[in-house]
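Spelled out from the first residue to the last, the chains are:
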Amino acid sequence: LGATGAAVADLSLQTIGLAAGLIVLVLLAWSWQLLMKKELRRAWLNLAALPFALLLFVMAFAALPFSALDALPGGAGGIVGTTLFSNLHSFLIQFDLGFTLTPVMIGFLLFFPAFFVLAVAMGLSPGEWGVLFRHGADFLALLWRAGSAIIRILFSLLLRPFQRRAEDASASTE
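All values reported here derive from a predicted model rather than from experimental measurement. (Residues numbered from 1 in each chain as written. Predicted model: local features only at pLDDT ≥ 70, side-chain atom pairs only at ≥ 80, totals over all residues. Heavy atoms only, no water.)

Novice: Hey, could you go over the overall build of the chain for me, with residue numbers and the actual values?
Specialist: Along the backbone of the chain there are six helices and zero strands. Secondary structure elements in the chain, listed N-terminal to C-terminal, are α-α-α-α-α-α. A burial count over the chain gives 26% of its 174 residues as buried. Taking contacts inside the chain between residues at least 6 apart in sequence as the whole, the part at least 24 apart equals 70%. (Helix = DSSP H or I, 4+ residues; strand = E, 2+ residues; numbered from the N terminus. Buried < 20%, exposed > 50% of the residue type's maximum accessible area, 1.4 Å probe, protein only. Contact = heavy atoms within 4.5 Å.)

Novice: So what's going on with the packing of aromatic side chains? Which residues, and what values?
Specialist: Scanning all chains against the criterion turns up seven aromatic pairs. Note on F108 and F111: the rings are 6.5 Å apart at their centroids and 50° apart in plane angle, and the pair reads as tilted. Of this pair, F108 and F111 both sit in helix α5 (residues 103–122), three residues apart, which is roughly one turn of that helix. Assessed through its relative accessible area of 12%, F111 is described here as buried. (Phe/Tyr/Trp six-rings, centres within 6.5 Å; stacked < 30°, edge-to-face > 60°.)

Novice: Quick one: what's the story with α5, residue by residue and with numbers?
Specialist: For α5, with 20 residues, the first-to-last C-alpha span of 28 Å sits near the 28 Å given by 1.5 Å per residue. Listing the buried residues of α5 in full gives I106, G107, L110, F111, A114, V117, L118, A121 and M122. A positive phi of about 75° marks G123, the residue just after α5. (Expected span 1.5 Å × (residues − 1).)

Here you go:
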């Protein structure tokens, strides 16, 4: 992809923040369905739901305090999310609800409809979600075991010169 891909990724991160990764997730779900079933059921609904899912997620990400992601120019929700959430927050605090409605509370409340609309955009059936969760957990467990093994090997390789020095030092004192 090169420079064009980098430019698109940068523009996506600046405008919609972390929600840019959701586009890839939705495209993967659509690709999987096309590979497995040779069709995308209700493609018009999936495509129509995607912008709404992105809008809900950009506002939710903008609401939550991601201090590690403050380096992003638009924050975790991008410029769009920051602007939309600011307007939403200003609108909601006008109402006397009997309690203080914090940005974090609003952000968490936005995640519920955001995940629902994202699920519609992905277009997976309940059975496919079940398979995804079952095999997804197995895949994560496999990644955890592989990662642990790789870390053990790397540590043993890194510590090997020190172990040799300690063995040489103990052999020379005897």
